[in-house]
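So you can see what is in the structure, the chains are spelled out below.
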Number of protein chains: 2
Amino acid sequence: MKKLILAALPALICIIMTSCGNAENNSLVNDAQAKCDNALDVIMTRTSVRQYTDQAISEGTIDTLLRAGMAAPTAGNKQPWKFIVVTERASLDSLATGNWRMAAHAQAAIIVCGDTENVFPAEGKDYWVQDCSAATENILLAAHAVGLGAVWCGCYPISERVNNVRRLFGIPSQIVPMSIVMLGYPAGEHHPKDKYKPENIHYNKW
Amino acid sequence: MKKLILAALPALICIIMTSCGNAENNSLVNDAQAKCDNALDVIMTRTSVRQYTDQAISEGTIDTLLRAGMAAPTAGNKQPWKFIVVTERASLDSLATGNWRMAAHAQAAIIVCGDTENVFPAEGKDYWVQDCSAATENILLAAHAVGLGAVWCGCYPISERVNNVRRLFGIPSQIVPMSIVMLGYPAGEHHPKDKYKPENIHYNKW
């Protein structure tokens, strides 16, 4: 028995540490002094997931995603975001046209909206788009972190999409549905694209 | 010896799991089935940091942040982002006016730009703002993950700011500097704001 425990201990520790760690992805994060490898791993491995299983998403998990969204940075602390959580099958199906066909299999969706009556002054009035985009990205990353698959469906500024979503969900005119995050536990395998391009980087001058 | 190992095993497992986990922050992440607690922790605890120490930031760390930026989602895979890494003291100081005074103490900055000649067609032409915002948020989160402090300085669409940054860094007219992420190791304590508001959430209908 003693030998068995001693023999099993390193394997057990290894299994636990690997399940928390980032062993496969070191090549992506270079030599940074990572405090939280997992966070970098989540950022680097997030990808659009459009195929989902039938597994339901708990209310607690949706709440985590909403908290992640509202933790985003926001210009002048305006917090111009509103969220519509869609879980009713008929409502999800009503979204499932064109580029949004995956809604027919999504278990939930979060519509991220901007409140154009609660914005930065003057030329900064459109900062709500950047705030809502940061919120959307936080939701996508949190979804990936908890094992969900998600995809960012663009709505604003394509007016046909905006009008359609406004009509379907009874959204008032000052509220702009900007993006829809489709959600479900992933079906099949999904691999992130490598979009790193050194030619996108300039140093100190353009 | 056998008893000692048996007695120590649960404590050992607990220590290892806690070191990978998110013990302090459970109240923020609710009851989600977290695969990577640290990622949620990073999302929930990121906050604007405007005070920095003199500690330099390594090239490898900057590279990690750029990789995080380019891992963002992008409409139609356009990848309309460009990045200017600013590390020269004189260039950082040239940014340090008005709301950007912290640049005088920042150790680096990343200017996130949109390429308006590489965009989605028709009404989707402004999706570059959402793509660049997601990239900016990824950079902020990666910075927090590696122990850096960062703040999102808004540039576009405020024309005076855009023109000033264009002039300082020789940026051509089709490239729009959208945001500047100021970076440095944090000086002092920083606490995230709690921006969670249940009244921002609607279910299935507005």
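Our subject is the structure that appears above.
The sections below set out a description of the structure shown in this document. (Residues numbered from 1 in each chain as written. Chains lettered and ligands numbered in written order. Predicted model: local features only at pLDDT ≥ 70, side-chain atom pairs only at ≥ 80, totals over all residues. Heavy atoms only, no water.)

### Observations concerning helix α6 (residues 127-145) of chain A
Line of reasoning, step 1. When the terminal C-alpha atoms of α6(A) are compared, their 27 Å separation across 19 residues agrees well with the 27 Å that a helix rising 1.5 Å per residue should span.
Line of reasoning, step 2. Burial analysis of α6(A) places 19 of its 19 residues in the buried class, the great majority of the element. (Helix = DSSP H or I, 4+ residues; strand = E, 2+ residues; numbered from the N terminus. Expected span 1.5 Å × (residues − 1). Buried < 20%, exposed > 50% of the residue type's maximum accessible area, 1.4 Å probe, protein only.)

### Examining the packing of helix α4 (residues 59-70) of chain A against α6(A)
Residue and element names in this part refer to chain A.
Line of reasoning, step 1. For the pair α4 and α6, the least separation of the axes is 7 Å and the interaxial angle reads 140 degrees. Crossing geometry of α4 relative to α6 is assigned as right-handed. For the pair α4 and α6, contact is made by L65, A68 and G69 and by A135, N138, I139, A142 and A143, respectively. (Axes fitted to C-alpha atoms, helices over the stretch in contact; angles between N-to-C directions. Left-handed = near helix turned anticlockwise from the far one by under 90°. Contact = heavy atoms within 4.5 Å.)

### Focus on the sheet that holds strand β4 (residues 175-184) of chain A
Line of reasoning, step 1. Within the open sheet, the five strands sit side by side as β3(A)-β4(A)-β2(A)-β1(A)-β5(B). Their pairing is mixed. A single partner strand is all that each edge strand has here, and the edge strands are β3 (149-154) of chain A together with β5 (201-203) of chain B. Strand-to-strand twist across the sheet, computed as the mean angle between neighbouring axes with direction ignored, equals 25 degrees.
Line of reasoning, step 2. Across the face of the sheet, α6(A) comes into contact with β1 (81-86), β2 (108-115), β3 and β4 of chain A while running at roughly 10 degrees to β4(A).
Line of reasoning, step 3. Helix α7 (residues 159-169) of chain A rests against β1, β2, β3 and β4 of chain A of the sheet, and its axis sits at about 80 degrees to β4(A). (Pairing = 2+ DSSP bridges.)

### So, the nonpolar core
Soluble globular proteins tend to pack their nonpolar side chains together in the buried interior.
Line of reasoning, step 1. Core analysis: the biggest nonpolar cluster contains 128 residues, and M182(A), L183(A), M182(B) and L183(B) have the highest contact counts within it.
Line of reasoning, step 2. Excluding anything up to four places from it in sequence, M182(A) contacts Y52(A), L95(A), W100(A), M102(A), A103(A), A106(A), A108(A), A109(A), G149(A), A150(A), V151(A) and C153(A). (Core = buried A, V, L, I, M, F, W, Y, C linked by side-chain atoms within 4.5 Å.)

### Focus: the pairing of β2(A)
Residue and element names in this part refer to chain A.
Line of reasoning, step 1. Of all eight residues that make up β2, eight are buried, and the element is covered over most of its length.
Line of reasoning, step 2. Of the two faces of β2, both are covered, the one formed by A108, I110, V112 and G114 as well as the one formed by A109, I111, C113 and D115.
Line of reasoning, step 3. When β1 meets β2, the two strands line up antiparallel, connected through six bridges. Looking across to β2, one finds that K82 is bridged to C113.

### Let's talk about the pattern of salt bridges
Residues and elements named next belong to chain A.
Line of reasoning, step 1. Under the counting rule described, the total for this entry stands at six salt bridges over all chains.
Line of reasoning, step 2. The partner of R67 in a salt bridge is D63, with the nearest N and O atoms 2.7 Å apart. Taken as a pair, R67 and D63 lie in helix α4 at a separation of four residues, close to a single helical turn.
Line of reasoning, step 3. On the basis of relative accessible area, D63 is assigned to the buried category, the value being 11%.
Line of reasoning, step 4. A salt bridge links D93 to R89, with the shortest nitrogen-to-oxygen separation between them at 3.3 Å. (Salt bridge = Lys/Arg side-chain N within 4 Å of Asp/Glu carboxyl O.)

### Points about the packing of aromatic side chains
Line of reasoning, step 1. This structure, assessed with the given rule, holds four aromatic pairs over all chains.
Line of reasoning, step 2. Both rings, one in F120(A) and one in Y127(A), keep their centres 5.2 Å apart while their planes meet at 80 degrees; by these two values the pair is edge-to-face.
Line of reasoning, step 3. Sitting over the face of the ring of Y196(B), R67(A) holds its NZ or CZ atom 3.8 Å from the ring centroid. (Phe/Tyr/Trp six-rings, centres within 6.5 Å; stacked < 30°, edge-to-face > 60°. Lys NZ or Arg CZ within 6 Å of the ring centre and 35° of its normal.)

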